[in-house]
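If you want the building blocks of each chain, they are given just below.
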Amino acid sequence: EKGGYDHFMLKEIYEQPRAIKDTYRGRLLADQGLVKMSGIEQNMEKFINANRIIIVACGTSWHAGLVAEYIFEDLARIPVEVEYASEFRYRNPVITDKDVLIAISQSGETADTLAAIKLAKEKGAFVFGVCNVVGSSIARETDAGAYTHAGPEIGVASTKAFTTQITVLTLMALRLAKAKGEFSETKYREYLTELETIPSKVEKSLESNALIEIIADVYKDSTNCLYLGRGYNFPVALEGALKLKEISYIHAEGYPAAEMKHGPIALIDEHMPVFVIATKKGHYEKVVSNIQEIKSRKGKIIAIVTEGDEQVRDLADHVIEVPETLESLTPLLTTIPLQLLSYHIAVMRGCNVDQPRNLAKSVTVE
Ligand code: F6R
């Protein structure tokens, strides 16, 4: 049932090109220049007239929500707030019937996310669900929604659910951007065509597996790691750190790269591996100067870079390449090597990758 892979997690990492394609199939019609999502079409007015979108989720799904904040604001120009469901539900939040709430949940059973939905509905907000499990509690409780088509995710550490959530949220943002007239026809088509190339670019990113195994072997005995990224790749840094923590039990922190100088830089010495997402578009030069700061303090630098990059290669201890794409789509690629790194480090440390200690696949209690 693991399809020849040693673990479900590895199988699910490798399923991502297929899972992303299944998620946009029938919705992304690049040749016609269209995005079709019935849950959006039927509720277009609510989205277009929303004062803001509030995204609620937990864990990895919350990280997908953070990526969505960048996408929705950047492409569709709709203000977005991203909330931990557990904090949102208990803080007497200001919600009106002009708000749209998007709940993101792989399992569709997360207790805090479900409670946040009920609260928002009581206050009159329109609630949209992004779930993977068909017919789950959250899918039933929401007013409308869009499923991710990742297929069953068995590994406790979320992988393909994350990238398919980002895929759905990107399609939503593109559709709304179009409806709001934020895009020229040419720019819109460029996005759709590029999104269609993502599965093959994920495939390409998976080809770094052997190199990543070598890097994993160098850092497997670390006790602490830092993950840094900016812009669209800041949430990817958080997700990279979470993935390492939960399956390898190595302490890891994700930060926006620019925040490093406000504290975490004190931790950097020759024993600290720093994983930096330094893809070509968006703040590249700024990330390069962050890398220089780490290097001058003798930190070990493992950088995720765009194919053909030379500047970072000269500075970093290791580089892992991903194909070039539009800035807003880079999280779908930069996530892949970080998933593989955590996986290999955990396996080398003898950890139970698919069922890490103390964790459950569905968190149905608060
Ligand atoms: C991490 C992980 C968890 C879940 C979180 C929310 O790999 O899987 O952080 O993302 O428990 O779960 P869902 O998405 O089912 O609501």
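Residues numbered from 1 in each chain as written. Predicted model: local features only at pLDDT ≥ 70, side-chain atom pairs only at ≥ 80, totals over all residues. Heavy atoms only, no water.

Focus: the sheet that holds strand 10 (residues 273–278)
The strands making up a sheet are joined through hydrogen bonds of the backbone, oriented either antiparallel or parallel. Spatially, five strands are ordered 9-8-10-11-12 in an open sheet, and the strand pairing comes out parallel. On the outer flanks of this sheet lie strand 9 (251–256) and strand 12 (318–322), each paired with one strand and no other. Shown here is a sheet whose adjacent strand axes are inclined to one another by a mean of 20 degrees, direction ignored. Relative to strand 12, strand 11 (residues 300–306) runs parallel, the two being bridged by five bridges. From the neighbouring strand, Thr 306 faces strand 12, where its bridge partner is Val 322. Each of strand 10, strand 11 and strand 12 touches helix 11 (residues 209–219); the most contacted strand, strand 12, lies at about 145 degrees to it. (Pairing = 2+ DSSP bridges. Helix = DSSP H or I, 4+ residues; strand = E, 2+ residues; numbered from the N terminus. Axes fitted to C-alpha atoms, helices over the stretch in contact; angles between N-to-C directions. Contact = heavy atoms within 4.5 Å.)

Re the packing of aromatic side chains
A full pass over the atoms with the stated rule returns nine aromatic pairs. A ring pair is formed by Phe 183 and Tyr 191, whose centres lie 5.1 Å apart and whose planes are at 20 degrees; its orientation type is stacked. Aromatic rings pair up to connect Phe 47, Phe 126 and Phe 128 into one cluster. Residue placement shows Lys 280 over the ring face of Tyr 284; its charged tip is 5.3 Å from the ring centre. Over the aromatic face of Tyr 249 sits the side chain of Arg 357, whose NZ or CZ is 3.7 Å from the ring centroid. (Phe/Tyr/Trp six-rings, centres within 6.5 Å; stacked < 30°, edge-to-face > 60°. Lys NZ or Arg CZ within 6 Å of the ring centre and 35° of its normal.)

Details of helix 9 (residues 160–179)
Helix length check: helix 9, at 20 residues, gives a terminal C-alpha distance of 29 Å against a target of 28 Å (1.5 Å per residue), a fit within 8%. In terms of burial, helix 9 is a largely internal element, 18 of the 20 residues being buried. Of the residues flanking the end of helix 9, it is Gly 181, one or two places downstream, whose phi is positive at about 70 degrees. (Expected span 1.5 Å × (residues − 1). Buried < 20%, exposed > 50% of the residue type's maximum accessible area, 1.4 Å probe, protein only.)

A short note on the confidence of the model for the protein chain
Parts of the model with low pLDDT should not have their predicted coordinates read in detail. Mean pLDDT over the protein chain: 96, with 100% of residues reaching 70 or higher. Across the whole predicted complex the pTM is 0.98, and at the interface the ipTM reaches 0.99. (pLDDT = per-residue confidence, 0-100.)

Digging into the pairing of strand 3 (residues 52–57)
Summarising burial for strand 3: six of the six residues are buried, a large majority. On strand 3, burial covers both faces: Arg 52, Ile 54 and Val 56 on one face and Ile 53, Ile 55 and Ala 57 on the other are all buried. Where strand 3 lies against strand 5 (residues 99–105), five bridges are found, and the strand directions are parallel. Directly across from Val 56, in strand 5, lies its bridge partner Ala 103. Where strand 3 lies against strand 4 (residues 80–84), five bridges are found, and the strand directions are parallel. Note on strand 4: the bridge partner recorded for Ile 54 is Glu 81. Note that the unit made of strand 3, helix 5 (residues 59–76) and strand 4 has a crossover that is right-handed. (Right-handed = clockwise from strand over helix to strand, strands pointing away.)

A few points about the sheet that holds strand 6 (residues 126–131)
Strand order in the open sheet formed by five strands is 4-3-5-6-7, and the pairing between neighbours is parallel. On the outer flanks of this sheet lie strand 4 and strand 7 (144–147), each paired with one strand and no other. Taking each pair of neighbouring strands and ignoring which way they run, the sheet shows an average axis angle of 20 degrees. Relative to strand 6, strand 5 runs parallel, the two sharing six bridges. Note that in strand 6 the partner of Leu 101 across the bridge is Val 127. Across the sheet, helix 7 (residues 111–122) touches strand 3, strand 5 and strand 6, and the angle it forms with strand 5 is around 165 degrees.

Here's the deal with the site of the ligand
Taken together, 14 residues lie around the ligand, and Ser 61, Ser 105, Ser 107, Thr 110 and Glu 246 are the ones closest in. Gln 106 is positioned such that a nitrogen or oxygen atom in its backbone is 2.7 Å from an oxygen atom of the ligand. At a separation of 2.7 Å, an oxygen atom of the ligand approaches a polar side-chain atom of Ser 107. Protein coverage of the free-state accessible area of the ligand, which is 410 Å², stands at 89%. Where the shell around the ligand is concerned, the elements lending two or more residues are helix 5 and helix 12 (234–248). Across the shell around the ligand, the residue classes tally to four nonpolar, eight polar and two charged. (Near = heavy atom within 4 Å. Polar contact = N/O pair within 3.5 Å; in protein donor to acceptor, adjacent residues only side chain to side chain. Areas by Shrake-Rupley, 256 points an atom, 1.4 Å probe, with all protein chains shown as cover. Nonpolar A, V, L, I, M, F, W, Y, C, P; charged D, E, K, R; others polar.)

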